[in-house]
Amino acid sequence: MFKLSKKINSLPPYLFLEIDKAKRKARAEGRDIIDLGVGDPDQPTPRHIIEALYQAAQDPANHRYALDQGMPALRSAIAGWYKRRYAINLNPDTEILPLIGSKEGIAHFPLAFINAGDYSLVPDPCYPPYKGGTILAGGRPYLLPLLEENNFLPELKKIPSAKIKKARLLFINYPNNPTSANAEDDFYRQVVAFAKKNKIIVISDLAYSEISYGGYKPGSFLEIEGARDIGIEFHSLSKTYNMTGWRIGWACGNAGLISALSKIKSNIDSGIFSAIQLAGIAALDGQQEHIRDMCNMYYQRRDILAEGLRSLGLVARTPRATFYVWIKVPKKMKSIVFSRLLLEKADIIATPGVGFGRNGEGYIRMALTVAKERISEAIERLKKIM
């Protein structure tokens, strides 16, 4: 009845909605589903954060519109966290912008800089909003293959000069979703040099920085000299504090980029519920012991899953960070076909790699967001069909 816009018709199907439909259907049939699909933590938000929300929600002053820029106290808490974690000094007034989850900021950011015909340089496979945000802004994603032989890092030297001339944005995401790969300072220095030479804005997605194992501590792109001249970094409370449903995150970095995103958001939303901002302060400034316990929990789950998969002859990366395991599909099967097989024959949900982009074909992603007993059960189920 109504004709959709060309932009909407250009968007790929949002993979996680399709997975959710399949999951709901299977559960409606009474099947015992082990969901290793969507990366949504299964543990509760720490109690002191919930209590901060409860107390703040009682105050009628917090029921009004929030400031678009976010509370000064929240911006200061974010600056303090970055200082403690990375020894980075951020100006809370000009270099930090709280968001209704980092996803909305990432998706809205291209609206500030992309014109029709412009390119975003987008890793492939990737978190879908990098492509979606570019398309909705009227731009075109140019895909940078993330291949195992290059440790799932984009090869900037292979980008055609004609594409570079039309590129405005470069997305990077380490620790990486979906591959669980990591980037080190040498790579980030290459990115800074590339971006400065070609006048390209770098968008760093750091959502998984606090989920790591064996003493490994992922770095921030903004730690690199010159990064703040051309870059903006997005972070979130979702994974670090088990707050995916709360919708709170932030952008930080170059003041001009922050100002541009703020202008976009002032025309779209009215800020984060003030009580959630106060809970966010409690998260950032409060006790952090749960992060160690959380990482230890994922570490145990990781080893059970990775070792179990390898015992079945599957090739699975053992990640140093994130709560994902990136697994090669056997027998040259398509990733969607293998994912369907897991659901139909073993009642296991896994995410087909092609859903993150064409270079994800040949892989599936499994999330460590179920109890270790359920992961062990998943391995037992796989033994019956492999």
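The coordinates are above.
Residues numbered from 1 in each chain as written. Predicted model: local features only at pLDDT ≥ 70, side-chain atom pairs only at ≥ 80, totals over all residues. Heavy atoms only, no water.

Asks: In this structure, what is going on with the overall build of the chain? I would like to understand it.
Replies: The helix and strand tally for the chain stands at 14 helices and 12 strands. A compact globule built from 386 residues should have a C-alpha radius of gyration of about 21 Å, and the chain, at 21 Å, falls within 12% of that. When the backbone C-alpha atoms are referred to their principal axes, the chain occupies close to 60 × 55 × 55 Å. The 386 residues of the chain split such that 56% are buried. A fraction of 75% describes how many contacts in the chain between residues 6 or more apart in sequence connect residues 24 or more apart. For the chain, the exposed area adds up to about 17,400 Å²; of that, 53% sits on carbon and sulfur atoms. (Helix = DSSP H or I, 4+ residues; strand = E, 2+ residues; numbered from the N terminus. Rg over C-alpha atoms; globule rule 2.2 N^0.38 Å. Buried < 20%, exposed > 50% of the residue type's maximum accessible area, 1.4 Å probe, protein only. Contact = heavy atoms within 4.5 Å. Areas by Shrake-Rupley, 256 points an atom, 1.4 Å probe, with all protein chains shown as cover.)

Asks: Mind showing me how you'd approach the packing of aromatic side chains here?
Replies: Here a ring pair, both rings aromatic, is described through the centre-centre distance and the interplanar angle of the planes. Scanning all chains against the criterion turns up 21 aromatic pairs. Arranged with centres 5.5 Å apart and planes meeting at 65 degrees, the rings of W81 and Y82 form a pair that is edge-to-face. Its relative accessible area of 0% is what places Y82 among the buried residues. Here the aromatic cluster, defined as three or more aromatic residues joined through ring pairs, consists of W81, Y82, Y86 and W250. (Phe/Tyr/Trp six-rings, centres within 6.5 Å; stacked < 30°, edge-to-face > 60°.)

Asks: Can you help me understand the packing of helix α12 (residues 289-311) against helix α14 (residues 372-385) in this one?
Replies: Helix-helix packing is described using two parameters, namely the angle between the two axes and the distance between the axes. Interhelical geometry of α12 versus α14 gives an angle of 5 degrees and a closest axis separation of 9 Å. By the angle between their directions, the pair α12 and α14 is classed as roughly parallel. Contacts between α12 and α14 involve Q300, R301, I304, L305, G308 and L309 on the former and, on the latter, K372, I375, S376, I379 and L382. A class-by-class count of the residues in the contact of α12 with α14 yields six nonpolar, three polar and two charged. (Axes fitted to C-alpha atoms, helices over the stretch in contact; angles between N-to-C directions. Parallel < 35°, antiparallel > 145°, perpendicular 65-115°, else oblique. Nonpolar A, V, L, I, M, F, W, Y, C, P; charged D, E, K, R; others polar.)

Asks: Just checking my understanding: could you explain the state of the cysteines for this structure?
Replies: What makes a disulfide is a covalent bond joining the sulfur atoms belonging to two cysteines. Overall, the coordinates contain zero disulfides when judged by the stated rule. Take C252: it sits in no disulfide, and the sulfur closest to it among the cysteines is that of C295, at 20 Å. With a relative accessible area of 0%, C252 lands in the buried category. (Disulfide = S-S within 2.5 Å.)

Asks: Would you mind going over α12 with me for this structure?
Replies: Side chains three or four residues apart in an α-helix point the same way, a direct result of the helix having 3.6 residues per turn. Under the 1.5 Å per step criterion, the end-to-end length of α12 is 34 Å for 23 residues, consistent within 8% with the ideal 33 Å. One or two residues past the end of α12 sits G313, with phi positive at roughly 90 degrees. (Expected span 1.5 Å × (residues − 1).)

Asks: When you look at a nonpolar patch on the surface in this model, what are you seeing that I'm missing?
Replies: On the surface, a nonpolar cluster with roughly 260 Å² of combined accessible area is contributed by L4, I8 and L136. The topology assignment puts L4 in the segment before α1 (6-10). By relative accessible area, L4 is classed as exposed at 51%. (Patch = residues over 30% accessible without salt bridge, like charges linked within 9 Å, V, L, I, M, F, W, Y side chains within 5 Å. Salt bridge = Lys/Arg side-chain N within 4 Å of Asp/Glu carboxyl O.)

Asks: Even after reading the chapter, I still don't get the sheet that holds strand β5 (residues 167-173), so can you show me in this structure?
Replies: Backbone hydrogen bonds hold the strands of a sheet together, and the pairing may be parallel or antiparallel. What the seven strands build is an open sheet, ordered β2-β8-β7-β6-β5-β3-β4; its pairing is mixed. This sheet does not close on itself; its edge strands, each paired only once, are β2 (96-99) and β4 (140-145). Averaged over all adjacent pairs, the angle separating strand axes in this sheet is 25 degrees, with direction ignored. For strand β7 (residues 231-236) and strand β8 (residues 249-253), the ladder comprises five bridges, and the chain directions are antiparallel. Residue pairing for β8: F234 is matched across the bridge by A251. Against the sheet, helix α10 (residues 255-266) touches β2, β6 (201-205), β7 and β8, its axis set at about 35 degrees to β2. (Pairing = 2+ DSSP bridges.)

Just geometry here; none of it tells us what the structure is for.
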